[in-house]
Amino acid sequence: MKKKLLSLALACAMALGLAACGQTAPAVSGSASGSAAASGGEKVYQVGVIQLVQHPALDAATQGFQDVLKEKLGDQVTIDVQNAANDSATCSTMATQMVSSNVDLIMANATPALQAAASATSEIPILGTSVTEYGVALSIDNFNGTVGGNISGTSDLPPLDQQAAMVTELVPGAKTVGILYCSGEPNSVYQAEVVKAELEKAGLTVNTYTFADSNDVAAVTTTACNESDVIYIPTDNTAASCTEAINNVAQPAGVPIIAGEEGICKGCGIATLSIDYYELGRTTGEMAVKILTGESDISTMPVEYYPSPVKKYDADRAAALGITIPDGYTAIEG
């Protein structure tokens, strides 16, 4: 009897073991931090994008960034793009929310967005783009090209000496130059100082005209046009979002504008030496992929620059102002 009972117990144990081998473990839900799985069990990276304001240059950089991440990571990445409507406080709120959600990486599009993200976290990787000078933006003395820590990115700094030279090349009779920019944008201040020094070396009288926000743009532009033969606008985000207001003053006044980038030029300028913001965004995306996949350590990644800026001009506006464009410039399309 004991033998029969032992045999029966062994048979039951074997049956239970075989049944267990045939079961599938329940799926474990991932968190917002990027531990969720795509099809095939791959990790899904959560990326937050803080864009300071909507205008063509920043829009193009964000699009280039997204395109690369989708091309390289496909369903392995989720991208949350948020626009701060040119408000630094909103950038800070967005950055805090992304840190609370424990995203895997933050892309900060423009200087105030980068500053907000840097204040919000020292751990989550942050890539800036459309940031002119990282040393100025992050108050780094003797900046050597690598931020270190959890920050790197791409710069939209054009050759400022060459932009300054365009003033005398295109408006050779100019004697006074007005530099127009937003006083609240540190990188605009930096560009203005560099260009001012270059123009003064060329013997021109240079005055700066600053606005605090978009509400002051038309009035300040009017003053600048009344006192200047030509105006220079750096890669300034507030100016870029107010080109129509600037053009409505400058073109009727007959004052040509040399712009720091193509979007501003298309809206109110005659010419620019501009980078390609879409390609800059793509470069930032390539950096992001390397960071997310562990191929590169952000702390050792130097800031990258656009290698080949192009001289461009707005044909209709140049013609309307009687400006002759020399060889070597490409007409802006559209």
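For the structure itself, consult the block above.
Bear in mind that the values here come from a model prediction, so they are computed numbers and not experimental data.

What counts as what
- Residues numbered from 1 in each chain as written.
- Predicted model: local features only at pLDDT ≥ 70, side-chain atom pairs only at ≥ 80, totals over all residues.
- Heavy atoms only, no water.
- Helix = DSSP H or I, 4+ residues; strand = E, 2+ residues; numbered from the N terminus.
- Contact = heavy atoms within 4.5 Å.
- Areas by Shrake-Rupley, 256 points an atom, 1.4 Å probe, with all protein chains shown as cover.
- Axes fitted to C-alpha atoms, helices over the stretch in contact; angles between N-to-C directions.
- Parallel < 35°, antiparallel > 145°, perpendicular 65-115°, else oblique.
- Left-handed = near helix turned anticlockwise from the far one by under 90°.
- Nonpolar A, V, L, I, M, F, W, Y, C, P; charged D, E, K, R; others polar.
- Buried < 20%, exposed > 50% of the residue type's maximum accessible area, 1.4 Å probe, protein only.
- Lys, Arg positive; Asp, Glu negative; His and termini not counted.
- Salt bridge = Lys/Arg side-chain N within 4 Å of Asp/Glu carboxyl O.
- Polar contact = N/O pair within 3.5 Å; in protein donor to acceptor, adjacent residues only side chain to side chain.

Student: Outline the overall build of the protein chain, listing residues and values.
Tutor: When helices and strands are tallied, the protein chain shows 13 helices and 13 strands. Long-range contacts, defined here as pairs at least 24 residues apart, represent 71% of the contacts in the protein chain between residues at least 6 apart. As displayed, the protein chain offers around 15,200 Å² of accessible surface, 50% of which is attributable to carbon and sulfur atoms.

Student: Mind laying out the packing of helix 6 (residues 160–170) against helix 7 (residues 186–201), listing which residues take part and the relevant values?
Tutor: It is the contact of helix 6 with helix 7, at a shortest axis distance of 9 Å, that shows an interaxial angle of 55°. Comparing the axis directions of helix 6 and helix 7 gives the class oblique. In this structure, the crossing between helix 6 and helix 7 has a hand that is right-handed. Residues Leu160, Asp161, Ala164 and Val167 of helix 6 lie in contact with helix 7, whose contacting residues are Tyr190, Gln191, Val194, Val195, Glu198 and Leu199. Grouping the amino acids of the contact of helix 6 with helix 7 by side-chain chemistry returns seven nonpolar, one polar and two charged.

Student: A description of unusual backbone geometry should follow, citing residues and the corresponding values.
Tutor: Residue Ser130 is not a glycine yet carries a positive backbone phi of 60°. Judged by its relative accessible area of 4%, Ser130 falls in the buried class. For Ser139, which is not a glycine, the phi torsion comes out positive at approximately 55°. Within the fold, Ser139 resides in the loop between helix 5 (134–137) and strand 5 (151–155).

Student: With reference to specific residues and values, describe the side chain of Glu185.
Tutor: When you line up the elements, Glu185 lands in the loop between strand 6 (176–182) and helix 7. Of the side chains with opposite charge, Arg317 comes closest to the buried, unpaired Glu185, at an N-O distance of 19 Å. Of the polar contacts made by the side chain of Glu185, one reaches the backbone nitrogen of Asn237; its length is 3.0 Å. Setting aside its immediate chain neighbours within four residues, Glu185 contacts Asp236, Asn237 and Thr238.

Student: Break down the pattern of salt bridges for me, with residues and values.
Tutor: Per the counting criterion, the structure on display carries eight salt bridges. The salt bridge involving Glu169 is made with Lys311; its shortest N-O contact spans 3.3 Å. Taken as a pair, Glu169 in helix 6 and Lys311 in strand 12 (residues 310–313) lie far apart in primary sequence, 142 residues in all. The class for Glu169 is partly exposed, based on a relative accessible area of 36%. By relative accessible area, Lys311 is classed as partly exposed at 26%. Between Glu198 and Lys201 there is a salt bridge whose closest N-O contact spans 3.3 Å. Linking Glu198 with Lys201, this pair stays in helix 7, spanning three residues, or about one helical turn. Given the relative accessible area of 65%, Lys201 is considered exposed.

Student: How would you summarise the packing of helix 2 (residues 56–73) against helix 12 (residues 277–292) if you had to cite specific residues and measurements?
Tutor: Taken N-terminus to C-terminus, the directions of helix 2 and helix 12 make an angle of 40°; their axes are 7 Å apart at the nearest point. As summarised for this structure, helix 2 and helix 12 are arranged oblique, according to the angle between their axes. Here the hand of the crossing between helix 2 and helix 12 comes out right-handed. Two secondary-structure elements touch here, helix 2 through Ala57, Ala60, Ala61, Gln63, Gly64, Phe65, Asp67, Val68, Leu69, Glu71, Lys72 and Leu73 and helix 12 through Tyr277, Tyr278, Gly281, Arg282, Thr284, Gly285, Glu286, Ala288, Val289 and Leu292. Taken together, the residues of the contact of helix 2 with helix 12 break down into 12 nonpolar, five polar and five charged.

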